[in-house]
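Commentary on secondary and tertiary structure
Listed below are the residues making up each chain.
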Amino acid sequence: MLSLIAIPFDGCGHQYARNQITLWGPDGEINDYASKQSAGIVGTYYLPRWTMFTTYLKNTTQTARSFDSQVINAQLLAFGKQWDSQIWGQRNGETWVARGDTWKTVEKVLADYA
């Protein structure tokens, strides 16, 4: 008989799950390998990362500094590690509940593309 070890979802298993859809390894070895666009991850993970990246680019051009991928990669990795260590639902925008009216969205998609 197969025996399964239960890892509490709010404990270590939760961090592993978050890491799997973001950094994919302790140091972002395969960053975004299994990225997802659901349950608020776009607003709480991807939007802040893109904001950090575009702000870095803007600052390099305004101060006439050269782009340094090691600098921005370190900042993005630090953000990713911090994000992975959080418990889902503790930050603004993180929810298990769908937003909006799913059926209205389906009807709009069908009307526009079917």
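Residues numbered from 1 in each chain as written. Predicted model: local features only at pLDDT ≥ 70, side-chain atom pairs only at ≥ 80, totals over all residues. Heavy atoms only, no water.

1. Considering the packing of aromatic side chains
Applying the stated rule across the entire model yields 6 aromatic pairs. Consider the rings of Trp-50 and Phe-53, whose centres lie 5.8 Å apart with planes at 85 degrees: the pair is edge-to-face. Of the two residues, Trp-50 and Phe-53 are both situated in helix 2 (residues 41-62); the distance of 3 residues between them amounts to about one turn of the helix. Note on Phe-53: relative accessible area 24%, which makes it partly exposed. When the centroid spacing of 5.6 Å and the interplanar angle of 70 degrees are considered together, the rings of Tyr-56 and Phe-67 count as edge-to-face. (Phe/Tyr/Trp six-rings, centres within 6.5 Å; stacked < 30°, edge-to-face > 60°. Helix = DSSP H or I, 4+ residues; strand = E, 2+ residues; numbered from the N terminus. Buried < 20%, exposed > 50% of the residue type's maximum accessible area, 1.4 Å probe, protein only.)

2. Let's talk about the confidence of the model for the protein chain
Within the protein chain, residue pLDDT values average 80, and 83% of them lie at 70 or more. Within the protein chain, the element-level pLDDT minimum falls on helix 1 (residues 12-20), averaging 73, and the maximum on helix 3 (residues 69-84), averaging 93. Ignoring residues within four places in sequence, the model shows residues 1-8, a span with pLDDT below 50, making 4 contacts including any to other chains. (pLDDT = per-residue confidence, 0-100. Contact = heavy atoms within 4.5 Å.)

3. Topic: unusual backbone geometry
A positive phi angle is found at Ala-64, which is not glycine, with a value near 55 degrees. Here Ala-64 lies in the loop between helix 2 and helix 3.

4. Focus on the packing of helix 2 against helix 3
Helices that pack against each other are described as a pair by the angle of their axes relative to one another and the distance between those axes. Put simply, helix 2 and helix 3 touch, their axes get as near as 10 Å, and they point 160 degrees apart. Comparing their axes, helix 3 and helix 2 come out roughly antiparallel. Pair helix 2 / helix 3 crosses with right-handed handedness. Contact with helix 2, carried on its side by Ile-41, Thr-44, Tyr-45, Pro-48, Arg-49, Met-52, Phe-53 and Tyr-56, involves Val-71, Ile-72, Gln-75, Leu-76, Phe-79, Gly-80 and Trp-83 of helix 3 and no other residues of that element. Considered class by class, the residues forming the contact of helix 2 with helix 3 number 11 nonpolar, 3 polar and 1 charged. (Axes fitted to C-alpha atoms, helices over the stretch in contact; angles between N-to-C directions. Parallel < 35°, antiparallel > 145°, perpendicular 65-115°, else oblique. Left-handed = near helix turned anticlockwise from the far one by under 90°. Nonpolar A, V, L, I, M, F, W, Y, C, P; charged D, E, K, R; others polar.)

5. A few points about a nonpolar patch on the surface
A surface patch of nonpolar side chains, about 340 Å² in accessible area, is lined by Trp-103, Val-106 and Leu-110. Inspection of the secondary structure assignment puts Val-106 in helix 4 (residues 102-113). (Patch = residues over 30% accessible without salt bridge, like charges linked within 9 Å, V, L, I, M, F, W, Y side chains within 5 Å. Areas by Shrake-Rupley, 256 points an atom, 1.4 Å probe, with all protein chains shown as cover. Salt bridge = Lys/Arg side-chain N within 4 Å of Asp/Glu carboxyl O.)

6. Here's the deal with helix 2
Taking 1.5 Å of rise per residue, 22 residues should cover 32 Å, and helix 2 covers 30 Å from first to last C-alpha, within 8% of that figure. The sharpest bend along helix 2 comes to roughly 30 degrees, located at Leu-47, with the proline Pro-48 sitting one to four residues further on. If you check which residues of helix 2 are buried, you get Ile-41, Thr-44, Tyr-45, Tyr-46, Arg-49, Tyr-56 and Thr-60. Next to the buried residues of helix 2 lie helix 3. Trailing helix 2 by a residue or two, Ala-64 shows a phi angle of about 55 degrees, which is positive. (Expected span 1.5 Å × (residues − 1). Bend = angle between axes of the 7 residues up to and from the residue.)

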